[in-house]
Amino acid sequence: VELVTLDADVVPGPEVTPTALRDRSWWQGPELHVLVDDYELVATTTNPLAPLLPYLAQARDVGLHLYVARRAGGASRALLDPVLGGMRELNFPAVLLSAPRDEIQLLGLRPGPHPPGRGPLVHRRWGTVPIQLARQASRMPV
């Protein structure tokens, strides 16, 4: 897996006002969406997402959107991962789908079974709300 590296000049400098940060009027770059499925298989001895660590705190400001999906089993080990730990510390939104009851508490929630595609969204602004995920049919042949 190879990632696009971000330059240090994409981080807002001291001349950027809080208003400009809020409405993102200072940002001229692209919106970068990074989707990682089966994260536990990707983040092995060398984590290809490690170069993004310095940008997690300003992710929204610099157009970085990081989506990580992983198995619920072994989630206690995942808490030690630097990328997932950084996302947790920065209160990135998260969805907890079905997980074994014997797992540790995740995102402040007790794990358990949920219907397919359903689970709580844990969000800094909205709190914990139930959601239903949907899959859109692909236009590309698989």
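Anything mentioned here points back to the structure above.
Residues numbered from 1 in each chain as written. Predicted model: local features only at pLDDT ≥ 70, side-chain atom pairs only at ≥ 80, totals over all residues. Heavy atoms only, no water.

(A) Local environment of the overall build of the chain. Per the secondary structure count, the chain includes four helices and five strands. For the chain, the spread of C-alpha atoms along the three principal axes comes to 50 × 40 × 35 Å. Taken over 142 residues, the chain has a buried fraction of 35%. The contacts in the chain between residues at least 6 apart in sequence include a share of 56% that link residues at least 24 apart. Of note, the chain has its 14 positive side-chain charges centred 11 Å away from the centre of its 14 negative side-chain charges. (Helix = DSSP H or I, 4+ residues; strand = E, 2+ residues; numbered from the N terminus. Buried < 20%, exposed > 50% of the residue type's maximum accessible area, 1.4 Å probe, protein only. Contact = heavy atoms within 4.5 Å. Lys, Arg positive; Asp, Glu negative; His and termini not counted. Charge placed at Lys NZ, Arg CZ, Asp CG, Glu CD.)

(B) Up close: the environment of valine 95. For valine 95, the position within the fold is in strand 3 (residues 94–95). Given the relative accessible area of 36%, valine 95 is considered partly exposed. As for valine 95 and glycine 112, which are separated by 17 residues in sequence, their C-alpha atoms are 13 Å apart. The contact partners of valine 95, leaving out residues within four places of it in the chain, are Pro120, Leu121, Ile131 and Leu133.

(C) Region of interest: the layout of surface pockets. Here the largest pocket is characterised by a volume of approximately 1800 Å³. Looking at the largest pocket, it is lined by 44 residues, and the ones nearest its centre are Met87, Phe92, Pro93, Ala94 and Val95. Contributing elements (two or more residues each) for the lining of the largest pocket: strand 1 (32–36), strand 2 (64–68), helix 3 (75–78), helix 4 (82–89), strand 3 and strand 4 (118–123). For the lining of the largest pocket, the element with the most residues is strand 2, which contributes five residues. Along the lines of polarity and charge, the residues of the lining of the largest pocket split into 29 nonpolar, seven polar and eight charged. (1 Å grid on protein atoms, 1.4 Å probe; cavity = no way out; pocket = protein on both sides within 12 Å on 5 of 7 lines; lining within 4 Å. Points joined across faces, edges and corners; volume = space filled by probe spheres on them. Nonpolar A, V, L, I, M, F, W, Y, C, P; charged D, E, K, R; others polar.)

(D) Structural detail: unusual backbone geometry. Despite not being glycine, aspartate 38 has its phi angle at roughly 55 degrees, a positive value. Among the secondary structure elements, aspartate 38 is positioned in the loop between strand 1 and helix 2 (39–42). Judged by its relative accessible area of 36%, aspartate 38 falls in the partly exposed class.

(E) Seen up close, the environment of proline 54. Position of proline 54 relative to the elements: it lies in the loop between helix 2 and strand 2. Between the C-alpha atoms of proline 54 and alanine 72, which are 18 residues apart in sequence, the distance is 26 Å.

(F) View of a nonpolar patch on the surface. A grouping of Val95, Leu97 and Leu133 is seen on the molecular surface, where their side chains present a nonpolar patch of about 220 Å² in accessible area. Residue placement: leucine 133 occurs in the segment after strand 5 (127–132). (Patch = residues over 30% accessible without salt bridge, like charges linked within 9 Å, V, L, I, M, F, W, Y side chains within 5 Å. Areas by Shrake-Rupley, 256 points an atom, 1.4 Å probe, with all protein chains shown as cover. Salt bridge = Lys/Arg side-chain N within 4 Å of Asp/Glu carboxyl O.)

(G) Structural context of the sheet that holds strand 3. The strand order across the open sheet built from three strands is 3-4-5, with neighbouring strands paired in antiparallel fashion. In this open sheet, the two edge strands, each paired with only one partner strand, are strand 3 and strand 5. Pairing between strand 4 and strand 5: six bridges, direction antiparallel. In the strand pairing of strand 5, proline 120 is matched with proline 130. (Pairing = 2+ DSSP bridges.)

(H) Up close: helix 4. Among the residues making up helix 4, those that are buried are Val83, Leu84, Gly85, Gly86 and Met87. Sitting at the head of helix 4, aspartate 81 places a side-chain oxygen 3.0 Å from the backbone nitrogen of valine 83. Positive phi shows up at asparagine 91, right after helix 4, with a value of about 60 degrees. (Polar contact = N/O pair within 3.5 Å; in protein donor to acceptor, adjacent residues only side chain to side chain.)

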